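For reference, the chains in residue letters:
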Amino acid sequence: MSASRLRSIAVCASASAVALLVTGCAAVKVSVAPRSAGYSAAAKPWLQQAGVHGAERKLAAALEAARTTLPGALRGNEADAAAYRSAVWRVVELEKKHQWQLQPDATNTAVRSLQIVRQGRAVLDPAAPDTLLPADRLVIRGLRERTQEEGLGLPVAAWFRHDSPFLSGEPGIPPAGMAIPATAVLTFDRTGEAKLQFVRTLQRDTMKVGGRDRTLATDFSAPLALIIAKGNNRTLDLVSLILPMAHLHRMGLYQLQPYEPGKIPVVLVHGLMSRPETWRQAVNQMLADPEIRRNYQFWFYLYPTGLPVWKSAAGLRSELDRFNTELAPRARTAGERARMNRKILVGHSMGGLISSLQIREGGKNLWRQFSDKDFADLPLPDRTRKRLEQLTAFSPRTDVSRVVFVAVPHRGSPIAVRPTVSLFASLIRFAIPEIQAHRRILIMKARGDVRRDLAVPANSIRFLRENSPFLLAILGLPRDARVPIHSIIGDRGRNDAPRGGDGIVPYSSAHYPGAASEKIVPSGHDAHEHPRGIREIMRILREAL
């Protein structure tokens, strides 16, 4: 069948199928449900009074409801705890409406005043977020489990716009902004003063109340789902595969949360035709582990997946350098600086190849696999020669301490040469125009055994064909032997390694000789989303501590 006939078939595909490929399914769906909570007998009269006229009287009634139910909530009485949470949120609503300046009418209540804590370790100023939502009102679909912990207080999701002053100085703010978890807690002293504070639970998940350390109620899934829903909210991205140049402006590292000095960055790198949302299940599951929460923070590398892998790898190197420069002044101790230099890269599929290039030596080691001519002997304009050097001259990063490969095609995939996939490859626009303009010269100067592979425009899909010289070139580069490598490989539950594979990448391609560990999970190519694959990533992170 001719290429033109194949294109005609592709154009005539159903509109729904095309829409699904272009946009992908929503990664998560979030809706806000009406609030409902049980009342304890002690709190009911005060909560009923919270509907009376006058903001000061309403605030006083809600504060008194929280005061009378707090002892029962501390003892674990669920009715009291539910009423306490309702009262706390009523206080928050009233204070938000009055710009956090309202004081209670203390005429008929034991609570004389309200202090709102705005500063302190792990304290969130409640006036800073653009939106505050009680986590229990967010109905989430698209996450396998809800990462929550029972305890004292009302979990909330605090959302900040991209241009929020709260996020000033953060180097990787997503277009949709950021959402962080916090827990609102109301406490009372003997003088009749109430104290409201919002604890940032990724930094601290306990609080001393009544002379004892109390576990705070937390919900880490709510802010994660909220920020995904506010963003592009899809796991597939066909457009950035076919038209990578049109999406270069979005390429970069992005943070899940504001930078926390002392926490080791875990950089998650997605694969072909994908986006950072593909890591939602993994991050949600990892946030459920207190040890991982205390020690790690998550960054995501977004790149148009039609780019040649060399260019995507160069982009990640550049972004890591930028983050290091911008965040270095915020490291207060030698220990915090050391942890910044212990980054862990986790790459799925093609993202693993990009990660692999961060710990290898390029330059002549790479160029000599394609040509016997030195850079200086190539009849190219200076700009083009410099561009080639940027893509091929690199050293192992000193700030990467470990790399995790998940379903990575180190030796390619047979699927990359199938007719339908080849059609997609032919549609991809070459993303380095200054090199494309001189491609004929590069082909002429290449060694004969690789000339055929250079004769077609380089892009990510052609790069991934089985036993591609480009992939073998990566494996042939010297790597930093001090950096442990781990492999996670899917076998579709067939237990047929080393013969089988995940349906996209054969085991023989995903296997990495010399890996510190190799885990086979009963998944397809989505091993990074499979519960056992995620548990293995978590095991590796704990081991790295």
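Residues numbered from 1 in each chain as written. Predicted model: local features only at pLDDT ≥ 70, side-chain atom pairs only at ≥ 80, totals over all residues. Heavy atoms only, no water.

1. What to know about the packing of aromatic side chains
Our working rule: To pair, rings of Phe, Tyr and Trp, with the six-membered ring standing in for Trp, must have centres within 6.5 Å; the planes then decide the type, stacked if under 30 degrees apart, edge-to-face if over 60, and tilted in the middle. Comment: elements are numbered from the N terminus, with helices defined as DSSP H or I runs of at least four residues and strands as E runs of at least two. In this scheme, a residue with accessible area under 20% of its type's maximum is buried, one over 50% is exposed, and one in between is partly exposed, where area comes from a 1.4 Å probe on protein chains only.
On inspection of all chains with the given rule, the structure shows 5 aromatic pairs. Note on Trp100 and Phe198: the rings are 6.2 Å apart at their centroids and 90° apart in plane angle, and the pair reads as edge-to-face. Residue Trp100 is found in the loop between helix H5 (78-97) and strand S2 (113-116), and its partner Phe198 is found in strand S9 (residues 193-200); the two are separated by 98 residues along the sequence. Pair check on accessibility: Trp100 and Phe198 agree, each one buried. Ring centres of Phe405 and Tyr512 lie 5.6 Å apart, and the angle between their planes is 50°; on these two criteria the pair is classed as tilted.

2. Some thoughts on the confidence of the model for the chain
Atom-level detail of predicted coordinates should not be read off regions where pLDDT is low. Basically, it comes down to this: pLDDT runs from 0 to 100 and stands for how confident the predictor is about each residue. Contact criterion: two residues are considered in contact whenever any of their non-hydrogen atoms come within 4.5 Å of each other.
Overall, the prediction assigns the chain a mean pLDDT of 86, with 84% of residues at 70 or greater. Taken together, the stretch residues 1-23 has pLDDT below 50 and engages in 21 contacts with residues farther than four places along the chain or on a different chain.

3. Structural notes on the nonpolar core
For the record, the criterion: Among the buried residues, those of types Ala, Val, Leu, Ile, Met, Phe, Trp, Tyr and Cys that are joined through side-chain atoms within 4.5 Å form a nonpolar core.
With 45 residues, the main nonpolar core has Val283, Met286, Phe298 and Val346 as its most contacted residues. Apart from residues no more than four positions distant in its own chain, Val283 is found in contact with Leu224, Leu256, Leu268, Phe298 and Phe300. Counting 43 residues, the second largest nonpolar core, distinct from the first, contains Val91, Leu102, Ala184 and Leu216.

4. Quick look at the pattern of salt bridges
Opposite charge on two side chains lets them pair, provided their charged atoms get close. Worth spelling out the cut-off: Within this document, salt bridges are pairs made up of a side-chain nitrogen of Lys or Arg and a carboxyl oxygen of Asp or Glu, the two lying within 4 Å of each other.
A full pass over the atoms with the stated rule returns 27 salt bridges. Measuring nitrogen to oxygen at the nearest pair gives 2.7 Å for the salt bridge that ties Arg332 to Glu336. Residue Arg332 is classed as exposed on the basis of its relative accessible area, which comes to 63%. When its relative accessible area of 12% is taken as the criterion, Glu336 is described as buried. Each of the salt bridges in this network shares a partner with another, and the network as a whole consists of Arg234, Asp237, Arg275 and Glu277.

5. Concerning the environment of Ala73
Mapped onto the fold, Ala73 is located in helix H4 (residues 55-74). Between the C-alpha atoms of Ala73 and Tyr84, which are 11 residues apart in sequence, the distance is 7.1 Å. Residues within four places of Ala73 in sequence aside, it is in contact with Asp80, Ala81 and Tyr84.

6. A few points about the packing of helix H10 (residues 309-327) against helix H14 (residues 382-392)
Put simply, the rule is: Here the axes come from fitting lines to C-alpha atoms, over the contacting stretch only for helices, and the angles between their N-to-C directions go from 0 to 180 degrees. In these notes the angle categories are as follows: under 35 degrees is roughly parallel, over 145 is roughly antiparallel, 65 to 115 is roughly perpendicular, and the rest is oblique.
Between H10 and H14, whose axes approach to 8 Å, the crossing angle comes to 75°. For the element pair H10 / H14, the angle class is roughly perpendicular. Every residue of H14 that contacts H10 at Trp310, Lys311, Ala314 and Arg317 is listed here: Arg387, Gln390 and Leu391.

7. With respect to the sheet that holds strand S16 (residues 343-348)
Condition: Strand pairing is assigned whenever DSSP identifies at least 2 bridges connecting the two strands.
Strand order in the open sheet formed by 7 strands is S13-S15-S14-S16-S17-S18-S19, and the pairing between neighbours is mixed. Every other strand in the sheet has two partners, leaving strand S13 (252-255) and strand S19 (517-521) as the edge strands with one partner each. Each strand axis lies, on average, 20° off the axis of its neighbour in the sheet, ignoring direction. One ladder, built from 6 bridges, connects S16 with strand S17 (residues 400-406); its direction is parallel. Of the residues in S17, the one forming a bridge with Lys343 is Val400. Lying over the sheet, H10 contacts S13, strand S14 (264-269), strand S15 (296-302) and S16, oriented at roughly 50° with respect to S13.

8. Quick look at the pairing of strand S18 (residues 485-490)
Most of S18 is tucked away, with 6 of its 6 residues classed as buried. With burial as the criterion, each face of S18 is covered, one bearing Ile485, Ser487 and Ile489 and the other bearing His486, Ile488 and Gly490. Taken together, the 4 bridges between S17 and S18 define a ladder with parallel strand orientation. By the bridge assignment for S18, Val406 is matched with Ile488. Of the strand pairs in this sheet, S18 and S19 are connected by 5 bridges, and their pairing is parallel. Bridging from a neighbouring strand, Ser487 pairs with Glu518 of S19.

9. Quick look at H10
Let me state the cut-off plainly: To estimate the expected span of a helix, subtract one from its residue number and multiply by 1.5 Å.
With 19 residues, H10 extends 27 Å between its outermost C-alpha atoms, agreeing within 8% with the 27 Å of an ideal straight helix rising 1.5 Å per residue. Of all 19 residues in H10, 14 are buried, a share of seventy percent or more.

10. Here we look at the side chain of Glu336
Assignment of secondary structure puts Glu336 in helix H11 (residues 334-340). For Glu336, the residues in contact, after removing those within four places along its chain, are Pro261, Gly262, Arg330 and Ala331.

11. Quick notes on unusual backbone geometry
Following Ala497, the chain continues into Pro498 via a peptide bond in cis, with omega recorded as 10°. Positive phi, normally seen in glycine, also occurs at Asn233, with a value near 55°. Checked against the element boundaries, Asn233 lands in the loop between helix H6 (221-230) and helix H7 (238-242). With a relative accessible area of 13%, Asn233 lands in the buried category. Located in the positive-phi region is Arg492, a residue other than glycine, with phi close to 60°. Relative to the assigned elements, Arg492 resides in the loop between S18 and helix H21 (507-510).

12. Some words on the packing of H4 against H5
Here is the rule: The hand of a helix crossing depends on one turn: near helix anticlockwise from the far one by less than a right angle means left-handed, and clockwise means right-handed. The nonpolar class holds Ala, Val, Leu, Ile, Met, Phe, Trp, Tyr, Cys and Pro. Asp, Glu, Lys and Arg form the charged class, and all remaining residues, Gly among them, are polar.
Taken N-terminus to C-terminus, the directions of H4 and H5 make an angle of 150°; their axes are 8 Å apart at the nearest point. One way to sum up the angle between H4 and H5 is to call them roughly antiparallel. Crossing of H4 against H5: the hand is left-handed. Here Lys58, Leu59, Ala62, Leu63, Ala65, Ala66, Thr69, Leu70, Gly72 and Ala73 of H4 come into contact with H5, specifically with Asp80, Ala81, Ala83, Tyr84, Ala87, Arg90, Val91, Leu94 and Glu95. Here the residues of the contact of H4 with H5 are counted per class, giving 13 nonpolar, 2 polar and 4 charged.

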